[in-house]
Amino acid sequence: DTESKLQLIKTHIRAFPDFPKEGILFRFCSDGGSVPGLDARGFLFGPLLAQRLGLGFVLVRKKGKLPGPTVSVSYELEYGKSDAEVQEDAVAAGQKVLIIDDLLATGGTMFAACELMRKLQAQVLGCMVVVELKDLNGVDRLKPHKVFSLIQY
Ligand code: PRP
Ligand code: ADE
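Residues numbered from 1 in each chain as written. Chains lettered and ligands numbered in written order. Predicted model: local features only at pLDDT ≥ 70, side-chain atom pairs only at ≥ 80, totals over all residues.

Describing the nonpolar core
Formed by 33 residues in total, the largest nonpolar core has its most connected members in I99, A113, L116 and M117. Breaking this core down by element, the ones donating at least two residues are β3 (35-38), β4 (57-62), β5 (70-77), β6 (80-87), β7 (96-104), α3 (108-119) and β8 (123-132). Counting residues per element, this core draws most heavily on α3, at 7 residues. If near-sequence neighbours (up to four positions away) are discounted, I99 is found in contact with P36, M110, A113, C114, M117, V124, C127 and M128. (Core = buried A, V, L, I, M, F, W, Y, C linked by C-beta atoms within 7 Å. Buried ≥ 20, exposed ≤ 12 C-beta atoms within 10 Å, placed from the backbone. Helix = DSSP H or I, 4+ residues; strand = E, 2+ residues; numbered from the N terminus. Contact = placed C-beta atoms within 7 Å.)

Below you can see the structure in the form of C-alpha cells.
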C-alpha cells in the first residue's frame, strides 16, 4: 500500500549535517545501484533505463553537489573542463554497471565516469548514449570499454 511505499522511500533518504555549508541539514535521496548517469542530461535517460531493468540509478554529479564522502575525477570535454564526482558508497565493489549519458563527443566525460567506477572497483559493462559524434573519436578514447549509441552524426 501507499504507506509502506512511503516507508520504503524513507529508508533511502539520508541526512548530512553541515552540507553544503554549516547549519544546513541536507536530506538526500539515493539508491545505490548499477546505472550511473551523468550530470545533467544523463539524468533524463538513466532513470528510465534503470527502472526498465529494475536497477538503482546513481547520480554522477559535477563537483560539490554530493554530500558525504565522494571520489572525484577532473576531465576535459569538447568545450571546457570540469570535475565529476560520485558518492563513495554509491556502487558496491565488484558491482556491474552500465553508464548512461545523452551524448558522446570527445569521450572526456564518459572516460571520467569510467575512472570513477574504477576507483569504486565497479565493473563497467558498457557506456550507453543516445547520440554519438563520430568525428570526435570518443569510442577510441574509451577502449576497451564498449560504447552503445542509438544515433550517430
Ligand atoms: C555534455 C553532454 C555530455 C558531454 C559530452 O555535457 O551531455 O555529458 O558534454 O562531451 P565529451 O564527450 O566531450 O566529454 P555538459 O558537460 O555540457 O553538461 P550538461 O549535461 O550539464 O549540459
Ligand atoms: N557535449 C559536448 N559536445 C557537444 C555537442 N557538440 N553538442 C551537444 N552536447 C555536447
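Overview of the site of ligand 1
In the region of ligand 1, 18 residues are neighbours, and A40, L77, A105, T106 and T109 sit closest. Listing elements by their share of the shell around ligand 1, those giving two or more residues are β7 and α3. Considering every element that reaches the shell around ligand 1, the biggest residue donor is β7, with 4 residues. (Near = placed C-beta within 6 Å.)

Thoughts on unusual backbone geometry
The omega torsion of the bond from F19 to P20 falls at -5 degrees, within 30 degrees of zero and hence cis. Tracing the backbone shows P20 in the loop between β1 (13-17) and β2 (25-29). Put simply, K143 and P144 share a cis peptide bond, and its omega is 5 degrees. Secondary-structure assignment places P144 in the loop between α4 (138-142) and β9 (147-152). For D18, which is not glycine, the phi torsion reads 60 degrees and is therefore positive. Along the chain, D18 turns up in the loop between β1 and β2. You will see that N137, though not glycine, has its phi angle at about 55 degrees, which is positive.

Thoughts on the site of ligand 2
Taken together, L77, E78, L103, A105 and L133 are the residues near ligand 2. Here the residues of the shell around ligand 2 sort into 4 nonpolar, no polar and 1 charged. (Nonpolar A, V, L, I, M, F, W, Y, C, P; charged D, E, K, R; others polar.)

Regarding the environment of E85
Structurally, E85 can be placed in strand β6. A tally of 20 C-beta atoms within 10 Å means that E85 is categorised as buried. Sequence separation between E85 and N137 is 52 residues; the distance between their C-alpha atoms is 24 Å. What E85 contacts, discounting residues up to four positions off in sequence, is R61, K63, L66, T70 and S72.

Some details on the environment of Q121
When you line up the elements, Q121 lands in the loop between α3 and β8. You can call Q121 exposed: it has 11 C-beta atoms within 10 Å. Between the C-alpha atom of Q121 and that of G94, which follows or precedes it by 27 residues, the distance is 5.9 Å. Setting aside residues up to four positions removed in sequence, Q121 forms contacts with A93 and G94.

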